[in-house]
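Below are the chains, spelled out letter by letter.
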Amino acid sequence: MQLKKIEIKGFKSFYKKTFLIFPKSKNEEHGITAIVGPNGSGKSNICDAVKWGLGVQSKKGFRSKKSKDVIFAGSSLKKPLSSAYVSLYFDNRRKKIPLDYENVIITRKIYASGENEYFINNGRAKLKEVLQILGQAGIGQQSYSIVDQGMADRLLLVNPLERKKIIEEAAKVKHFQIKKEDSLKRLESSQINMDKARALMEEINPRLKYLKTQANKKIKQAKLEKEYREKAKQYFGILRKKLLDKKKPYLDNKKNLEKELSSILSEIEKTRRQLAEFSQKATPEDSQENKNQEKLAEMREAENNFFRQKSVLEGKIEILNDKIDFQKSISRQKVDLPYVEKKLEQLLQEIDKLAFKKTPAIADLKIIREATLKLKNELTEGLVKKESLSLIADLEKEIEENRNQNKLIEEKLAKFSQEKNILIQKIKEEDQKKAEEQLASRELEKKFDAAIRDKDLLQEKIKNSEIELARIEVDENNLRKKVLSSLNISVEKINYQNLAGKNLNQLEEEVEKLSQQINVCEAIDWEVVKEFKETSSRYNFLEKETADLKKAIRSLKKIIKSLEEKAEKRFTAAFTKINKDFNKYFKIIFKGGAASLIKIENNDSDDKKNSTQIGIDIKAVPPTKKIKNVSMLSGGEKALTSLAFLFAIISNSKPPFVILDEVDVALDEANSIRFSRIIKEIAKETQVITITHNREIMKEAQLLYGVTMQKDGISELLSVNLQPGAKE
Ligand code: ATP
């Protein structure tokens, strides 16, 4: 990769647009370009322009206090400019710059405001991008591409540690170190983060454990509730079944009893009706029985009357017959009147006695008495005798009449007797019937009483059943309430089938236990579950983070180790080569002698293996001299030793180009010749642009740029192609 062209405009003393073109030699060698000119003409400004164009930020790097100081500040003849730019043109055919362009132009522009702009192939870019692609092409700020006067001396005078750093830079281990440092930082922060995460985990852990048990309990609640419901249903199912079993016989019994009672009640009703019928039959006053009895009484009364009439008639007839006999006796014999009178008197007394006894025949007796009395009177008066014969006839007639009457009465009595007998028979029959009925009624009453007793007994039994059922109902109600409060369902929903194998006591214990467990769970807030989830996810996150960090730490340690190994390998290789080249260039420059780099190791460590290099020392002994320390070298010797070291570094890092700004200033003619030889050697692999006053070096150059500055304070460029055939 070659720096093909430098374009400068407004930068420092380069007021005008100025090009420095670096053609390749015919044999494609990179060649040497010498920039020459009087002091203060602006040669070093070209060097500064390249540095600036490569993105250098440090002000002292290119000798300006402020960044905007690089803009042409004006002169007695020219006004200051408001902006400046530098464009660096690279041949990128070998794609050292990681861009898919054969030519890459890097441009940096600055405005009076101090604002910088960067362009890659005229496209706006960031400084970082510019530095990145240039770094990858090996054109770094520390690659010793641009070496000014003091730098070579500094290489020799720096302390061993800084020198070691220079070699490390040349060995390009810097990015390994950066990476390592970055990895170390990351390792440290990972370690810190891991420690933090672990501390947090330790802090969280006890709470998490507590939350976990609580949350598990809470989460288990649903399962417990389900189990509780199942067990409680079984438990209540058995209780329900027991109650139903207990209730059934009472219900059946009650039903049967009620059925029995109902039939007994209808029986009682029937009997009651029958008894009512009987009592109705027995009581009425105008019953046939009474009528018959009345009739019989009447008949008996009438019969008695007839009997009395008959006896009166018979008495009459007897009297009449006596009368007739008396009359006949009278008529035939003399009548003993006092005797008749006495007899009549007795008869009258008898009649009176009779009349006194039988009141209904009083009238007849009265008639008899009066007749007897008349007779007596007539006897007394003596009339009887005279009338006796006619009387006898009359009497006989009367007897006949009475006999007829009596006959009628007898006929009537016979008829009466017959009727009476019929009536008596009838009454008898009725009495018989009545007696039978009374018997039946008594039987019915007995039956009625028995039925009432049965009814009472049944009612008692029903009542007893009802009392038992009421007791069961109380138990059922309790069960209903319990089921409702425990399961929030009606007891009817409790299945009581297929529970044969279940043990009530065991179920009761299980239900009680589950209930207690649920109570414990219920006491736990759902917030606990939420907190557990959050804490758990936090813990898991920390755990994952710790695992990731552990992995990262392991991988970082591995990376660091590998980086260290790579860096060490590369450093060792670079150190070996630089050491060899240093000796080579030293020998060229000093025509002999020996120079070497010596590693200074820290031997404080007990473990030899772990000894660390703390720096690089320089040993340089020109021929025929016995020098123990570089500080013993002369100024020129020091400068030459520095250059040998510088070229050893350059030949190792092989930058695409080097700009050497008057590094040869302290050399005498002989050393200048040697120096030019080394430059020639370097130029085989690296494009060399050297700002010099040295004629020996100018002689080696293929192209010469002359820088001049007139009174206007503006640098002007003049090119002289010293090697024919050089091409752009
Ligand atoms: P020497 O051979 O003595 O080292 P040189 O040729 O390298 O000299 P430079 O250091 O490149 O010279 O240039 C110095 C000149 O550039 C000075 O004259 C200075 O005034 C001029 N210069 C520096 N910065 C600016 C600027 N911002 N504007 C105008 N001119 C500037």
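Conventions adopted
- Residues numbered from 1 in each chain as written.
- Predicted model: local features only at pLDDT ≥ 70, side-chain atom pairs only at ≥ 80, totals over all residues.
- Heavy atoms only, no water.
- Salt bridge = Lys/Arg side-chain N within 4 Å of Asp/Glu carboxyl O.
- Helix = DSSP H or I, 4+ residues; strand = E, 2+ residues; numbered from the N terminus.
- Buried < 20%, exposed > 50% of the residue type's maximum accessible area, 1.4 Å probe, protein only.
- Near = heavy atom within 4 Å.
- Polar contact = N/O pair within 3.5 Å; in protein donor to acceptor, adjacent residues only side chain to side chain.
- Areas by Shrake-Rupley, 256 points an atom, 1.4 Å probe, with all protein chains shown as cover.
- Nonpolar A, V, L, I, M, F, W, Y, C, P; charged D, E, K, R; others polar.
- Phe/Tyr/Trp six-rings, centres within 6.5 Å; stacked < 30°, edge-to-face > 60°.
- Lys NZ or Arg CZ within 6 Å of the ring centre and 35° of its normal.

Observations concerning the pattern of salt bridges
- Within the structure shown, the criterion is met by 32 salt bridges.
- Taking the shortest distance from any N to any O, the salt bridge between R480 and E492 comes out at 2.9 Å. Placement of R480 in helix α9 (residues 384-487) and of E492 in the loop between α9 and α10 (504-522) is noted, with a sequence separation of 12 residues between them.
- Taking the shortest distance from any N to any O, the salt bridge between D548 and K544 comes out at 3.0 Å. Residue D548 and its partner K544 are located together in helix α11 (residues 526-590), separated by four residues, close to a single helical turn.
- For D548, a relative accessible area of 39% translates into the label partly exposed.
- Judged by relative accessible area, which is 53%, K544 ranks as exposed.
- When salt bridges with common partners are traced through the structure, they connect K254, E258 and E466 into a single cluster.

As for the site of the ligand
- Looking at the ligand, there are 18 residues lining it, with N39, G40, G42, K43 and A73 nearest.
- Note that an oxygen atom of the ligand is positioned 3.4 Å from one of the backbone N or O atoms of P38.
- In this structure, E662 approaches the ligand through a side-chain N or O atom, which is 3.4 Å from an oxygen atom.
- Summarising the interface, the protein chains cover 72% of the accessible area of the ligand, which totals 650 Å² for the free molecule.
- No other element matches the three residues that helix α1 (residues 43-53) contributes to the shell around the ligand.
- By residue class, the composition of the shell around the ligand is five nonpolar, eight polar and five charged.

Some details on the packing of aromatic side chains
- Enumeration according to the criterion identifies 12 aromatic pairs in this entry.
- Measuring from centroid to centroid gives 5.2 Å for F11 and W52, while their planes differ by 45 degrees, and the two rings are tilted. One end of the pair, F11, is in the loop between β1 (2-9) and β2 (18-21); the other, W52, is in helix α1, with 41 residues separating them in the sequence.
- F11 sits in the buried class, given a relative accessible area of 0%.
- The class of W52 is buried, set by a relative accessible area of 0%.
- With a centroid separation of 5.4 Å and 50 degrees between ring planes, the pair formed by Y235 and F236 is classed as tilted.
- F236 gets classed as buried once you look at its relative accessible area, which sits at 4%.
- Counting every residue linked through ring pairs, the aromatic cluster contains F582, F586, F590 and F645.
- K5 extends its terminal NZ or CZ atom over the ring of Y89, reaching a point 4.3 Å from the ring centre.

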